Amino acid sequence: GESVGLHLPTLSVQEGDNSIINCAYSNSASDYFIWYKQESGKGPQFIIDIRSNMDKRQGQRVTVLLNKTVKHLSLQIAATQPGDSAVYFCAENGDFYNQGGKLIFGQGTELSVKP
Amino acid sequence: SAVISQKPSRDICQRGTSLTIQCQVDSQVTMMFWYRQQPGQSLTLIATANQGSEATYESGFVIDKFPISRPNLTFSTLTVSNMSPEDSSIYLCSGGQGEDTEAFFGQGTRLTVV
């Protein structure tokens, strides 16, 4: 079936470096994507979203890039900090016309930031 | 953004029993959903909680096992019925304003069935 997957299950970076977390999606009908951060023992926390009519969106220290040609999504975190250590999930809305808000989650990447 | 609270935050239950998880949102939301997350894994959608009508279940999930209620726009419950150890998981409630809008999550309910 269609799914969202991640290239790297784990990522270790030095504090202050930039982090890039990748995600591949297979449903070409998806037109809305979200990145979530999940810390241990907590629910997923919204980071940033992007719609398919955009290829880039920036937030505070984070940038999401969308390449619809190859169905690829990435999250870039600038100047990674220890507090960024968590599992990051991408999610897509799939082909859920008129079903309002359902999300398919990717595998997840665990980001570990070394001080 | 909406704040979503779940109760209980964790529980240990005997097999064969049932547990009802409550989800309370601090503001009205159009959509509410229930997800399951096995330890170390991603989230899987169980169902969409529909206000005033039966929930819409995803493939592999049935109402007899996971009955859901949603009496209003701020509250929903998920019951895990006739539990077995395979039901041990984290159950998450989420809410949002619908298509192409961010969904917010509760902190989850960690269920262990013994």
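Whatever comes next refers back to the structure up there.
A few points on the structure. All chains use their own residue numbering, which begins from 1 and follows the written sequence. Working convention: letters from A go to chains and numbers from 1 go to ligands, in the order in which they are written. Reporting of local features is limited, given that this is a predicted model, to residues whose pLDDT is at least 70; pairs of side-chain atoms are given and counted only at 80 or more, and all residues count toward the totals for whole chains, interfaces and linings. Values reported for side chains reflect all heavy atoms of the structure, with hydrogen atoms and water molecules removed beforehand.

**Here we look at the sheet that holds strand β3 (residues 19–25) of chain B**
Residue and element names in this part refer to chain B.
Here is step 1: Spatial ordering of the open sheet is given by β1-β3-β8-β7, a layout of four strands whose pairing is antiparallel. The open sheet has two edge strands with one neighbour each: β1 (4–7) and β7 (68–72). Taking the axes of each pair of neighbouring strands and ignoring which way they run, one obtains an average angle of 15° across the sheet. For two strands to pair, DSSP has to find at least two bridges joining them. Secondary structure counts use DSSP, requiring at least four H or I residues in a row for a helix and at least two E residues in a row for a strand, with both numbered from the N terminus. The angle between two axes is taken between their N-to-C directions and runs from 0 to 180 degrees, where each axis is a line fitted to C-alpha atoms and a helix contributes only its stretch in contact.

**Points about the state of the cysteines**
Each disulfide consists of one covalent bond between the sulfur atoms belonging to two cysteines.
All names here are of chain B.
Here is step 1: Here, the term disulfide refers to a pair of cysteine sulfur atoms separated by no more than 2.5 Å. One pass over the structure, following the stated rule, counts two disulfides over all chains.
Here is step 2: Each sulfur in the disulfide pair C23 and C93 lies 1.9 Å from the other. As the torsion about the S-S bond is roughly -70°, the C23-C93 disulfide counts as left-handed. Placement of C23 in strand β3 and of C93 in strand β9 (residues 89–96) is noted, with a sequence separation of 70 residues between them.
Here is step 3: Using a relative accessible area of 0% as the deciding quantity, one classes C23 as buried.
Here is step 4: The structure places no disulfide on C13, whose sulfur is separated from the nearest cysteine sulfur, that of C23, by 18 Å.
Here is step 5: Here the term buried applies to any residue with accessible area under 20% of the maximum for its type, exposed to any over 50%, and partly exposed to those in between, with areas from a 1.4 Å probe on protein chains only. Accessibility expressed as a relative area gives 7% for C13, which makes it buried.

**A look at the packing of aromatic side chains**
Here is step 1: Any pair of Phe, Tyr and Trp rings, taking the six-membered ring for Trp, is counted once the centres come within 6.5 Å. Such a pair is stacked with planes under 30 degrees apart, edge-to-face with planes over 60 apart, and tilted for the rest. Across all of its chains, the model carries 10 aromatic pairs over all chains by this definition.
Here is step 2: With a centroid separation of 5.5 Å and 35° between ring planes, the pair formed by Y36(A) and F105(A) is classed as tilted. Placement of Y36(A) in strand β4 (residues 32–38) and of F105(A) in strand β10 (residues 104–105) is noted, with a sequence separation of 69 residues between them. With respect to burial, Y36(A) and F105(A) carry one shared label: buried.
Here is step 3: Taking the centre distance of 5.5 Å and the plane angle of 50° together, the rings of Y35(B) and F105(B) count as tilted. With a gap of 70 residues between them, Y35(B) in strand β4 (residues 31–37) and F105(B) in strand β10 (residues 103–105) connect regions that are remote in the sequence. Taken as a pair, Y35(B) and F105(B) share a single burial class, namely buried.
Here is step 4: Ring-pair connections join several aromatic residues into one group, and the members of that group are Y36(A), F46(A), F89(A), F105(A), Y35(B) and F105(B).

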